[in-house]
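# Report on the structure
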Amino acid sequence: MVYYIMYNGQVTGPMNREQMFAYGVNRDTMVSADGGDWRPLYTYPELMELLSRGAGVPPQYMAEQRQVSFLEAIKIGFSKYATFSGRASRSEFWWWVLFTYIISFITAGVGQGIWGNDLVQFALSGDIADLPIGLYSFTGVVNLFFLLPTLAVSVRRLHDTGHSGWFYLLNLLCCIGSIILLVWYCQPSKEQSNEYGPVPNQQ
């Protein structure tokens, strides 16, 4: 017997019952056996038996995840500049974070080289007229450019660990929220597809 399932709003199959569990199905997943009527998975005793035993994903159908490189993470970050759907692996996320820190240091160095004297003069005089507007405009534009892709990869990383992207708002709770998010960002990917998409960077 072969099965078809509704996955992310699309018909997926054919597959056997072991392969089906690689898609992270649950008791309410709509299933068609041999092209027949669509019914919830819980109406199939043989499938519910596997689900109730916690069969999970058989090893031969486990998605193997590779670690992306630094340059690949940068490429993905820009190609998904404003993509909030899907998932981002742990390596993809942390390489991007490192990249943004490097850019910040470079930006600060360039700014100091160009507007360093103005910054010193402002620090000494305290006169608002000596405020190095160019420096703050330059760094502001760079930071604004990287804001959206950084937010997007953060949301996708949360999806990868099985959490809603709305949890990013925990940053508003200052230290406590940031610590919770840090713990989640450090967690490995879920080993199978979830409601946000398939395992990222599969081999």
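Now for a look at the structure at hand. (Residues numbered from 1 in each chain as written. Predicted model: local features only at pLDDT ≥ 70, side-chain atom pairs only at ≥ 80, totals over all residues. Heavy atoms only, no water.)

### Describing the side chain of Ser89
- Locating Ser89 in the fold gives a position in the loop between α3 (70–79) and α4 (90–125).
- Judged by relative accessible area, which is 2%, Ser89 ranks as buried.
- Polar side-chain contacts of Ser89 include one of 3.3 Å to the side chain of Ser91.
- A polar contact of 3.3 Å, which involves the side chain of Ser89, links it to the backbone nitrogen of Glu92. (Helix = DSSP H or I, 4+ residues; strand = E, 2+ residues; numbered from the N terminus. Buried < 20%, exposed > 50% of the residue type's maximum accessible area, 1.4 Å probe, protein only. Polar contact = N/O pair within 3.5 Å; in protein donor to acceptor, adjacent residues only side chain to side chain.)

### Considerations on the packing of helix α5 (residues 133–160) against helix α6 (residues 175–185)
- Contact pair α5 / α6: the axes reach a minimum separation of 9 Å and the direction vectors enclose 65 degrees. With respect to each other, α5 and α6 are oriented roughly perpendicular. Note on packing geometry: the crossing formed by α5 with α6 is left-handed. On the side of α5, the interface is formed by Ser154, Arg157 and Leu158, while α6 contributes Leu181, Trp184 and Tyr185.
- Of the residues belonging to the contact of α5 with α6, the class tally is four nonpolar, one polar and one charged. (Axes fitted to C-alpha atoms, helices over the stretch in contact; angles between N-to-C directions. Parallel < 35°, antiparallel > 145°, perpendicular 65-115°, else oblique. Left-handed = near helix turned anticlockwise from the far one by under 90°. Contact = heavy atoms within 4.5 Å. Nonpolar A, V, L, I, M, F, W, Y, C, P; charged D, E, K, R; others polar.)

### Comments concerning the environment of Glu195
- Take Glu195: it is sitting in the segment after α6.
- Sequence spacing of Glu195 and Tyr7 is 188 residues, and the spatial spacing of their C-alpha atoms is 8.9 Å.

### Looking at a nonpolar patch on the surface
- Together, Trp95, Leu98, Ile102, Ile106, Val110 and Ile114 give the surface a local cluster of nonpolar side chains, amounting to about 510 Å² of exposed area.
- Examined against the element boundaries, Ile114 turns out to sit in helix α4. (Patch = residues over 30% accessible without salt bridge, like charges linked within 9 Å, V, L, I, M, F, W, Y side chains within 5 Å. Areas by Shrake-Rupley, 256 points an atom, 1.4 Å probe, with all protein chains shown as cover. Salt bridge = Lys/Arg side-chain N within 4 Å of Asp/Glu carboxyl O.)

### Details of the pairing of strand β2 (residues 10–15)
- In terms of strand pairing, strand β1 (residues 3–7) meets β2 through four bridges, oriented antiparallel. Residue pairing in the sheet places Tyr3 in a bridge with Met15 of β2.
- Joining the antiparallel neighbours β1 and β2 is a turn of two residues, in which Asn8 adopts a positive phi near 55 degrees. (Pairing = 2+ DSSP bridges.)

### Digging into the packing of aromatic side chains
- Summed over all chains, the structure comprises 15 aromatic pairs.
- Pairing Tyr3 with Tyr44 gives two aromatic rings, centres 6.2 Å apart and planes at 80 degrees, and the pair type is edge-to-face. Here the residue Tyr3 occupies a position in strand β1, and Tyr44 occupies one in the loop between β4 (38–40) and α2 (45–52), the gap between them amounting to 41 residues. Across the pair, Tyr44 and Tyr3 agree in class, each one buried.
- Between the aromatic rings of Phe78 and Phe99, the centroid separation amounts to 6.1 Å while the plane-to-plane angle is 85 degrees, which identifies the pairing as edge-to-face. (Phe/Tyr/Trp six-rings, centres within 6.5 Å; stacked < 30°, edge-to-face > 60°.)

### So, the environment of Thr150
- When you line up the elements, Thr150 lands in helix α5.
- A sequence separation of 68 residues divides Thr150 from Ala82, and the C-alpha atoms of the two residues are 9.0 Å apart.
- When near neighbours in sequence (up to four residues on either side) are disregarded, Thr150 contacts Trp96 and Thr100.
- Engagement of the side chain of Thr150 in a polar contact is seen with the backbone oxygen of Phe146, the distance being 2.7 Å.

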